[in-house]
Amino acid sequence: MKMGTTNGEIAQLLRRVAAAYQILGENRFKIIAYDRAADSIEHLTSEAKDLWDNQKLSDISGIGDAIAKHLDELFRTGSVQHFMSVFKKVPAAVFPLLSVPGLGPKKAYKLVTELKLDNAAHALDDLEKAIRAGRVAPLESFGEKSQRDILGAIATYRRGLTKENRMELLHADSIAQEVIQHLRKHDSVERVDSLGSLRRRVATIGDVDIAVATKKSDALIDHFLQFPHEKLIERGPKGATLLLHNGRQVDLRVQKPKSYGAMLQYFTGSKNHNIKLRSYALQKGMSLNEYGIKNVKTGQLHEFTSEESFYRALGLPFISPELREDKGEIEQSLRPCGLPKLVELQDIKGDMHIHTNYQFESSHDLGTSSLSEHLEKASQLGYEYIGVSDHNPSITNHTEEQIVEIMKRRKEAYISMFKKYNTNVHMFIMCEVDILADGTLALPEPALEYVDAVIVSVHSSFSQGRAKTTERLLKVLQSHPKVRILGHPTGRLLMSREGIDVDWSAVFALCRKRDIALEINAYPSRLDLPDNLVFEAVKSGNTFCIGTDAHALDHMNLMGYGVSVARRGWTQKRDIVNALEYNDFKKWLVKEDI
DNA sequence: GCCGTTTTCGGCCCGACTGTTTTCAGTCG
């Protein structure tokens, strides 16, 4: 059997091994080890295959000699003998059932054997038929309720509404805002926060988790259940879970104000951060749970109103939620130099990626708002400068001379519009130029005279293969001194398009050498450079320009999404070029002497 | 199977919720 080698595929493979081991009654710590390895791979800062290329596989936390050896075999041969032999001991129909919410290895195995489901390809259909025939309820440890629930869970899965079907951070934010507004109407609410991946500002979100500090838990949960919903999934004294009409799940967690800090910490995760934190605490004789910190010897529980005091009690500084991914943040916080002081939204002095509605025959979409509107907005946001970064003129419909002429007129038009508008905000005339398939700029050299600098971006030929794409990027980055920013470097669109396959270390090295900034595109369906690559690039000394890629006025409000990505990549203010004040930024941007 | 600021052996994060159960197993986060 050929096995996939993307991080997602490897994670699924390891989870299947864990599931098989669980059915086979293996040592439970071995099962946990495989699950943890799967988690690690899934949240990796780069492709596991790249690490393998560089013999760095066992650097991954949770991957030891044994699993590293299996993965080595996977990358070399496309399969793993040992895993195959484990899978053979378990009926194949078990695995598709694991995707159904509420079905784990044990239940899936029981269903498959008792119902004699012998075909993996239509195991779900067979199970559904068995349920409709009432054959599940009589099984030991199942019942009428379970039977109904499994049927519902299969439907949920079929509608694509499982946690595997994630949503953009922006979407999750808007759901969270509605729920939070509703919750605040209850008088007993003392604090409300988002939890989980939403609070850590992960690019895509499974379900929305909300925390409330209140002294009236029951009444508050009742109030939460008034929020319009499709189905109540569960309710207990600590919280409740609703399935909304849009198919999204919202978890509420309530806690008394005096131990709210511990709860916030506990449910913000990530899971691997918490596991590492608890191991660290255990060494100091402390056991952590959602209520506080327990002294292992005396059993005495200390409660915390805030996360800051919670971390302090462990002898640690506050660790920002964006950093809690077990990428070495706990270890780093213990070193003398400590954690980086992360960039903040208010550090941003300008937005360099704005498309206005200036009319010309462009290669891609124009913006919908005017220069003056964008300047007004920039002023409101406290910016010192903006860059107008329309796409280059269409190259198929114009001659070179025409393009030069368009760019000349465009510059004159912008300057004239700018002069009419009285503002303290400075303007740079930029252009977002396509990187053509052969690595040349989609703007003839004479036209570059009419811009201060350009952002170069890939908008076509996304799958040329690694070698060719790398060559393409390296070529364009050296093509002209006015190439200053590499726009949305991977070209990914969340949940719809994979980014380009490139040797990033080579690209990062060249950008550093030529002092070219990597864009962190804040547009919520891009968030590109992705946080994991930002993390890598920071280590190799690169700088970044956070831009909203605004095609409408409101998009300028999305800068915070880019800042979150930057923070998740451990960047500081000094790493962000558009955190420079105007004069310094201008010196950085407008360079002719490379 | 993984891992180390007491350890290369002997531990391994912790609890809630649910359904089917009279004390717990499975699943989830």
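One structure accompanies this document, and this report is about it.

Definitions and cut-offs
- Residues numbered from 1 in each chain as written.
- Chains lettered and ligands numbered in written order.
- Predicted model: local features only at pLDDT ≥ 70, side-chain atom pairs only at ≥ 80, totals over all residues.
- Heavy atoms only, no water.
- Core = buried A, V, L, I, M, F, W, Y, C linked by side-chain atoms within 4.5 Å.
- Buried < 20%, exposed > 50% of the residue type's maximum accessible area, 1.4 Å probe, protein only.
- Helix = DSSP H or I, 4+ residues; strand = E, 2+ residues; numbered from the N terminus.
- Domains from an automatic or database assignment.
- Contact = heavy atoms within 4.5 Å.
- Arc of directions from axis to C-beta.
- Pairing = 2+ DSSP bridges.
- Axes fitted to C-alpha atoms, helices over the stretch in contact; angles between N-to-C directions.
- Parallel < 35°, antiparallel > 145°, perpendicular 65-115°, else oblique.
- Left-handed = near helix turned anticlockwise from the far one by under 90°.
- Near = heavy atom within 4 Å.
- Polar contact = N/O pair within 3.5 Å; in protein donor to acceptor, adjacent residues only side chain to side chain.
- Nonpolar A, V, L, I, M, F, W, Y, C, P; charged D, E, K, R; others polar.
- 1 Å grid on protein atoms, 1.4 Å probe; cavity = no way out; pocket = protein on both sides within 12 Å on 5 of 7 lines; lining within 4 Å.
- Points joined across faces, edges and corners; volume = space filled by probe spheres on them.

1. Observations regarding the nonpolar core
Next, step 1: L183, V208, I210, F224, L252, V456 and L477 are the most contacted members of the largest nonpolar core, which has 94 residues in total.
Next, step 2: With 7 residues, helix α10 (residues 169-184) is the largest single contributor of residues to this core.
Next, step 3: A domain-level breakdown of this core finds at least three residues from each of domain 2 (167-255) and domain 4 (347-589).
Next, step 4: Apart from residues no more than four positions distant in its own chain, V208 is found in contact with M167, A172, I175, A176, L198, Q249, V250 and D251.
Next, step 5: In this structure, A11, Y21, W52 and L115 belong to the second largest nonpolar core, which totals 55 residues.

2. Quick word on helix α12 (residues 217-224)
Since there are 3.6 residues in each turn of an α-helix, residues three or four apart along the chain are aligned in direction.
Next, step 1: Among the residues of α12, L220, I221, H223 and F224 are the ones counted as buried. Projected onto a plane normal to the axis of α12, the buried residues spread over an arc of 155° and lie on a single side.
Next, step 2: Considering only its buried residues, α12 is in contact with α10, β2 (189-194), β4 (208-214), β5 (231-236), β6 (239-243) and β7 (249-255).

3. What about the pairing of strand β16 (residues 483-486)?
Next, step 1: As judged from the 3 bridges shared by strand β15 (residues 454-457) and β16, these two strands associate in the parallel manner. Looking at the pairing, V456 lines up with L486 of β16.
Next, step 2: Where β16 lies against strand β17 (residues 517-521), 2 bridges are found, and the strand directions are parallel. If you follow I485 over to β17, its bridge partner there is A517.

4. Looking at the packing of helix α1 (residues 7-23) against helix α5 (residues 81-88)
Next, step 1: Across the interface, α1 lies against α5 with an axial gap of 9 Å and an inter-helix angle of 45°. Classified by the angle their axes make, α1 and α5 are oblique. Regarding α1 and α5, the two cross each other, and that crossing is left-handed. Judged by residue contacts, L13, L14, R16, V17, A20 and Y21 of α1 engage H82, F83, V86 and F87 from α5.

5. Focus on the protein's contact with DNA strand B
Next, step 1: Close to DNA strand B lie 45 residues, the nearest being G62, G64, G143, K145 and R278.
Next, step 2: Atoms of DNA strand B within 4 Å of the protein belong to the sugar or the phosphate in 78% of instances, the rest to bases.
Next, step 3: The side chain of D149 places a nitrogen or oxygen atom 3.4 Å from a phosphate oxygen of DNA strand B.
Next, step 4: Elements that contribute at least two residues to the surface near DNA strand B include exactly α2 (28-42), α4 (65-77), α7 (105-114), α9 (144-158), β5, α14 (271-283) and β8 (286-289).
Next, step 5: Ranked by residue count, the leading element in the surface near DNA strand B is α14, at 6 residues.

6. Overview of the packing of α10 against α12
Next, step 1: Contact geometry of α10 with α12 gives a least axis separation of 9 Å together with a crossing angle of 130°. When the axes of α10 and α12 are compared, the pair comes out oblique. For α10 against α12, the interelement crossing comes out right-handed. Of α12, the residues touching α10 (which contributes V179, H182 and L183) are L220, H223 and F224.
Next, step 2: For the contact of α10 with α12, the class distribution of residues is 4 nonpolar, 2 polar and no charged.

7. Digging into the pairing of β8
Next, step 1: Here β8 shows a buried face lined by M286 and L288 and an unburied face lined by S287 and N289.
Next, step 2: Summarising the sheet, β8 and strand β9 (residues 292-295) pair through 4 bridges and their orientation is antiparallel. From the neighbouring strand, M286 faces β9, where its bridge partner is N295.
Next, step 3: Turn length for the β8-β9 hairpin, with the two strands adjacent in sequence and antiparallel, is 2 residues.

8. Quick look at empty space enclosed by the protein
Next, step 1: Tallied over the entire structure, the rule returns 1 cavity of 30 Å³ or more.
Next, step 2: Here the largest cavity defines a volume of roughly 30 Å³.
Next, step 3: Looking at the largest cavity, the residues that line it are R201, V202, A203, R492, L527, D531, V565 and R568.
Next, step 4: Counting contributing residues, the lining of the largest cavity receives three or more from each of domain 2 (167-255) and domain 4 (347-589).

9. Observations concerning unusual backbone geometry
Next, step 1: Residue S270 is bonded to the preceding G269 through a cis peptide linkage, with omega at -5°.
Next, step 2: Assignment of secondary structure puts S270 in the loop between α13 (260-268) and α14.
Next, step 3: Notably, D326 is not glycine yet its phi reads approximately 55°, a positive angle.
Next, step 4: Structurally, D326 is set in the loop between α15 (307-313) and α16 (329-334).

10. Focus on the environment of L139
Next, step 1: The residue L139 is located in the loop between α8 (123-132) and α9 in this model.
Next, step 2: Judged by its relative accessible area of 13%, L139 is buried.
Next, step 3: Considering only alpha carbons, one finds L139 and K110, 29 residues apart in sequence, at a separation of 8.9 Å.
Next, step 4: Among residues more than four places away in sequence, those in contact with L139 are L111, E114 and L115.

11. Topic: the layout of surface pockets
Next, step 1: Of the voids in this model, the second largest pocket is the one considered here, and its volume is about 250 Å³.
Next, step 2: Along its surface, the second largest pocket is lined by 14 residues, and D365, H391, R526, D549 and H551 are the ones closest to its centre.
Next, step 3: Classifying every residue of the lining of the second largest pocket by side-chain character gives 4 nonpolar, 6 polar and 4 charged.

12. Considerations on the side chain of R410
Next, step 1: Looking at the secondary structure, you find R410 in helix α18 (residues 400-420).
Next, step 2: We classify R410 as buried; its relative accessible area is 0%.
Next, step 3: A polar atom in the side chain of R410 sits 2.7 Å from the backbone oxygen of M430.
Next, step 4: When residues no more than four places from it in sequence are discounted, the contact partners of R410 are Y358, V388, S389, D390, I429, M430, C431 and V451.

13. Concerning the sheet that holds β2
Next, step 1: Spatially, β2-β4-β7-β6-β5 is the arrangement adopted by the 5 strands of the open sheet, whose pairing is mixed. The two strands at the open ends of the sheet, each matched to only one other strand, are β2 and β5. Strand-to-strand twist of the sheet, defined as the mean angle between neighbouring strand axes without regard to direction, takes the value 15°.
Next, step 2: Pairing of β5 with β6, which is carried by 5 bridges, proceeds in the antiparallel orientation. Bridging from a neighbouring strand, R235 pairs with A240 of β6.
Next, step 3: The strands touched by α12 are β2, β4, β5, β6 and β7; relative to β7, the strand with the most contacts, the crossing angle is about 165°.

The quantities given are spatial measurements derived from coordinates; they are silent on function.
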